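Okay, here's what each chain looks like letter by letter:
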Amino acid sequence: MPLVALDLDGTLIDQVRAARLWAEEFGAQWHLPGDAIASVASALGQRGPKDLVFERIVEEWSLPLSGASLWAAYRARMPHLVRCSPEDKEALTDLRAAGWTLGIVTNGMADNQEGKIRASGLAALVDGWVVSSEAGVRKPDSRIFELLAQRVDCELDGWMIGDSLEHDVLGGATAGLRTAWIAPLDTEAPAGSPAFNIRQPSVAHAVAKILSV
């Protein structure tokens, strides 16, 4: 069966919204001012490893805990704050009904990312997943896509759907997959960005396009 590989944060789930909810809870717990909460939410909404973000938060606000413990608390809480839209879930069901094999390929920590996959209901809608921390390799390295194909027992042939040009589009293309960039249709890709096959505003829209090809 052909493969559709999907990114998690910013693609299947709204990571920015979840980070904002966490920052609001965190700010209320520690009685932080509104501008501090907004700053934390913004920092957590950015791409990349989060460990240094929590070190900065603890240091800036002189909190009586370690950055590592705060990061662990964040990872434990985040799966309860994320959601996948009903439209995107229905799209995944449509893909599987059409004979596609589905897999999630995501950078991040396994406890956090797997928790999100399970809590959001995505575990029942895909055939498997790979998280960079347990795989020992991160997108855009093509090896993480090869590992996904092995885990779902599928040829590395099909599509990669994701919101990151650097990680998802470049990584998918390097692995030999066609790519769908998740971004508003009026978003301009920066000069020198990797080329994508289609651009769509959501997973549901991308799936509709893929199924129509």
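Conventions and cut-offs
Residues numbered from 1 in each chain as written. Predicted model: local features only at pLDDT ≥ 70, side-chain atom pairs only at ≥ 80, totals over all residues. Heavy atoms only, no water. Helix = DSSP H or I, 4+ residues; strand = E, 2+ residues; numbered from the N terminus. Rg over C-alpha atoms; globule rule 2.2 N^0.38 Å. Buried < 20%, exposed > 50% of the residue type's maximum accessible area, 1.4 Å probe, protein only. Areas by Shrake-Rupley, 256 points an atom, 1.4 Å probe, with all protein chains shown as cover. Pairing = 2+ DSSP bridges. Axes fitted to C-alpha atoms, helices over the stretch in contact; angles between N-to-C directions. Contact = heavy atoms within 4.5 Å. Arc of directions from axis to C-beta. Core = buried A, V, L, I, M, F, W, Y, C linked by side-chain atoms within 4.5 Å. Phe/Tyr/Trp six-rings, centres within 6.5 Å; stacked < 30°, edge-to-face > 60°. Lys NZ or Arg CZ within 6 Å of the ring centre and 35° of its normal.

Q: Could you give me a rundown of the overall build of the chain, with the residues and numbers involved?
A: Tallying secondary structure elements over the chain gives 10 helices and 6 strands in all. What you see for the chain is a C-alpha radius of gyration of 18 Å, in line with the 17 Å of a compact globule of 213 residues. A buried classification covers 49% of the 213 residues belonging to the chain. Per element, the accessible surface of the chain, about 9,900 Å² overall, is 51% carbon and sulfur.

Q: Requested: an account of the sheet that holds strand β1 (residues 3-6), with residues and values cited.
A: If you walk across this open sheet you meet the 6 strands as β3-β2-β1-β4-β5-β6, and the pairing is parallel. Of all strands in the sheet, those bounded by a partner on one side alone are β3 (129-131) and β6 (198-200). Averaged over all adjacent pairs, the angle separating strand axes in this sheet is 20°, with direction ignored. Of the strand pairs in this sheet, strand β2 (residues 101-106) and β3 are connected by 3 bridges, and their pairing is parallel. Of the residues in β3, the one forming a bridge with threonine 106 is valine 131. Helix α6 (residues 110-119) contacts β2 and β3 of the sheet and is inclined by roughly 150° relative to β3. Running at roughly 165° to strand β5 (residues 178-182), helix α9 (residues 165-174) makes contact with β4 (158-162) and β5 of the sheet.

Q: So what's going on with helix α8 (residues 142-151)? Which residues, and what values?
A: In an α-helix, one turn spans 3.6 residues; hence positions three or four apart end up facing the same way. Ser142, Ile144, Phe145, Leu148 and Ala149 are the residues of α8 that are buried. Viewed end-on, α8 has its buried residues packed into an arc of 160°, placing them on one side of the element. Opposite its buried face, α8 presents the exposed residues Arg143 and Gln150, each directed more than 90 degrees away. Check the buried side of α8 and you find it contacts β1, β2, β3, α7 (132-135), β4 and α9. Remark: aspartate 153 follows α8 within two positions and exhibits a positive phi of approximately 55°.

Q: How would you explain the nonpolar core if you had to name every residue and give the values?
A: Counting residues in hydrophobic clusters, the biggest one holds 50 residues, and the most contacted among them are Leu12, Trp22, Leu92, Leu122 and Ile161. Not counting chain neighbours up to four residues away, the residues in contact with isoleucine 161 comprise Val4, Ala5, Leu6, Asp7, Thr11, Ala180, Ile182, Val203, Ala206, Val207 and Ile210. Grouped together as the second largest cluster of nonpolar side chains are 13 residues, Val137, Ile144, Leu148 and Met160 included.

Q: So what's going on with the packing of aromatic side chains? Which residues, and what values?
A: Tallied over the entire structure, the rule returns 5 aromatic pairs. Pairing phenylalanine 54 with tyrosine 74 gives two aromatic rings, centres 4.9 Å apart and planes at 55°, and the pair type is tilted. Taken together, the positions of phenylalanine 54 in helix α3 (residues 51-60) and tyrosine 74 in helix α4 (residues 67-77) put the pair 20 residues apart, joining distant regions of the chain. Summarising the burial analysis for this pair, phenylalanine 54 and tyrosine 74 share the class buried. Measuring from centroid to centroid gives 5.1 Å for tryptophan 181 and phenylalanine 196, while their planes differ by 50°, and the two rings are tilted. In this pair, tryptophan 181 is assigned in strand β5 and phenylalanine 196 in the loop between β5 and β6, connecting sequence segments 15 residues apart. When its relative accessible area of 5% is taken as the criterion, tryptophan 181 is described as buried. An aromatic cluster of three or more residues is present, and its members are Trp22, Phe26, Phe54 and Tyr74. Here arginine 75 stacks its cationic end above the ring of tryptophan 71, 4.7 Å away from the centre of that ring.

On their own, these measurements won't tell you what the molecule is for.
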